[in-house]
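In case you want the letters, here they are:
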Amino acid sequence: MTGCVKIILKNKRSLKPADTFYIMQIIDGKKVAVEIKEELKKEISKLKQSGKKVPGLVAILVGDNHASQIYVKSKGKACEQIGILSKTEILPADTTEEELLNLVNKYNKDSNFHGILVQLPLPAHINEDKIIESINPEKDVDGFHPVNVGRLVIGKDALRSCTPAGIQELLKRYKIETKGKHVVIVGRSNIVGKPIANIMVQKEEFANSIVTVCHSAAEDLSYFTKQADILISAIGKAEFITKDMVKEGVVIIDVGINRVEDASKKNGYRVVGDVDFNAISQKCSYITPVPGGVGPMTIAMLLKNTFKAYQKFGG
Ligand code: GUN
C-alpha cells in the first residue's frame, strides 16, 4: 500500500498552511480483507499438506434474529473459503441459559475447535456476560472475555476484539503514522470504542498514540474532533461527523453502518457511515468508505484470531 501524498505548493514568498493540501486516499478494507484471507488460506494449505489438523471455528446462534443469521452465515462461508473447519450451531429462541452453557462447555473441551463465537445479541432471558465468561479465553476469538480485555489493557498478548483489531490492521497496511498522533475516538462501546482506545494507547507499532475517547456526555464534541490527527467514529449516527468538525489532513476511520432512506434505491435505503463522506473526503488525507472500509475487516480478523488461537493453543 502506498502512503498518503502531501503536496506543498511553493510560492516565491512564503509557505503558508493554506498552501498545503492532501490528495485523499481511500482505505480499501475490502481489498485488505481479501489479502488477509489469501494469506491465511496459504498458511492453512501448508498445514493440510503436512497432514496437520486445521483450525476450527464454531459459531453458536440462538433464535431467529435475521441480521445475526446473515452474519453467522457469512462467517461460516469465509471459513470454508480459506480452509478453516467451520460449524454452525443453531438453537431455538427458547433455549435455556443452562443448555447454552453446556454447549459452550462442550466446545471448550473439543480439540477440533480452536475458536468459539456466540453470536450477539442473545435472547433477553439469557445473561450475555455469563455466556461470554463461560468461553475458554483461549478460544474467545471475539476477544470479549474479561481475561482477554484485561490482558489487552495491561499490554499482554491477547485475542483482541475483531473490529478494533481490523482498524489497526488497516492503519498498518496503509503505513499510517500513529506514534505520538492524537487519536480521537467517538463512541465508548465495549465492542469498538473501548477496545480501540486500549489498542491505540499500547506501546507497539501502529499504536503508541495519544488517545481521547468522546461520548454522548461531551458538551462540545467538535472541540475534541477538531484536534484529531486520526478520528475514529463508532456511534451509529448517519453522517453525523461533518466537514467543519475536523482539521485538514485528518485520517478518518468510519465504523458506522447506518441505513438512510433513499427512494432511488430498489430496497428504499442506502448504507452510510457516521461521517459525511463526500464533504470530508475533500479535507482528509485518508478515509474508510462505508460500505467497504472497516466492515469487511471484522470477519477477516475473526479468521486471523481463529488461526492465532490454533497456533498458540491447538496446532
Ligand atoms: N453481533 C454483532 N457483532 C458481533 C460480533 O462481532 N461478535 C459476536 N459474537 N456477535 C456480534
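Below you will find a few notes about this structure.

Definitions and limits used
- Residues numbered from 1 in each chain as written.
- Predicted model: local features only at pLDDT ≥ 70, side-chain atom pairs only at ≥ 80, totals over all residues.
- Heavy atoms only, no water.
- Helix = DSSP H or I, 4+ residues; strand = E, 2+ residues; numbered from the N terminus.
- Contact = heavy atoms within 4.5 Å.
- Pairing = 2+ DSSP bridges.
- Axes fitted to C-alpha atoms, helices over the stretch in contact; angles between N-to-C directions.
- Buried < 20%, exposed > 50% of the residue type's maximum accessible area, 1.4 Å probe, protein only.
- Near = heavy atom within 4 Å.
- Polar contact = N/O pair within 3.5 Å; in protein donor to acceptor, adjacent residues only side chain to side chain.
- Areas by Shrake-Rupley, 256 points an atom, 1.4 Å probe, with all protein chains shown as cover.
- 1 Å grid on protein atoms, 1.4 Å probe; cavity = no way out; pocket = protein on both sides within 12 Å on 5 of 7 lines; lining within 4 Å.
- Sits in = over half its atoms within 2 Å of the grid points.
- Points joined across faces, edges and corners; volume = space filled by probe spheres on them.
- Nonpolar A, V, L, I, M, F, W, Y, C, P; charged D, E, K, R; others polar.

Topologically, Ile299 is positioned in helix α10 (residues 295-314). C-alpha of Ile299 to C-alpha of Gly76: the two residues are 223 residues apart in sequence and 9.8 Å apart in space. Discounting residues that sit within four places of it in the chain, Ile299 has contacts with Ser74, Lys75 and Ala78.

Our next topic: the sheet that holds strand β5 (residues 85-91). With parallel pairing, three strands are arranged side by side in an open sheet as β5-β4-β6. Since the sheet does not close on itself, it has two edges, and those belong to β5 and β6 (115-118), each with one partner. Between one strand axis and the next, the sheet turns through 15° on average, direction left out of account. As defined by bridge partners, strand β4 (residues 56-62) adjoins β6 across four bridges and the pair is classed as parallel. Its bridge partner lying in β6, Val58 is registered against Ile116. Helix α3 (residues 97-109) rests against β4, β5 and β6 of the sheet, and its axis sits at about 165° to β5.

Most of helix α7 (residues 193-200) sits inside the fold, with six of its eight residues counted as buried. Of all the positions in α7, only Gly193, Pro195, Ile196, Ala197, Ile199 and Met200 are classed as buried. Looking at the buried positions of α7, the neighbouring elements they touch are α5 (146-153), α6 (162-173), β7 (182-186), β8 (210-214) and β9 (230-233).

Taken together, Leu117, Val118, Gln119, Leu120, Asp142 and Phe144 make up the full set of residues near the ligand. Between the ligand and Val118, the relevant distance is 2.8 Å, taken from a nitrogen atom to a main-chain nitrogen or oxygen of the residue. Surface burial for the ligand is 80%, taken as the share of its 280 Å² of free accessible area covered by protein chains. Counting atoms within 2 Å of the grid points, the majority share of the ligand lands in the largest pocket.

Now for the layout of surface pockets. As a volume, the largest pocket reaches approximately 1,600 Å³. As for the largest pocket, its lining consists of 50 residues, and the residues nearest its centre are Tyr71, Thr163, Ile257, Gly295 and Thr298. Among the secondary structure elements, those contributing two or more residues to the lining of the largest pocket are α1 (29-49), α2 (66-82), β6, α6, β11 (258-261), β12 (269-272) and α10. Here the element with the most residues in the lining of the largest pocket is α2; it accounts for ten residues. Within the lining of the largest pocket, the residues separate by chemical class into 27 nonpolar, 16 polar and seven charged.

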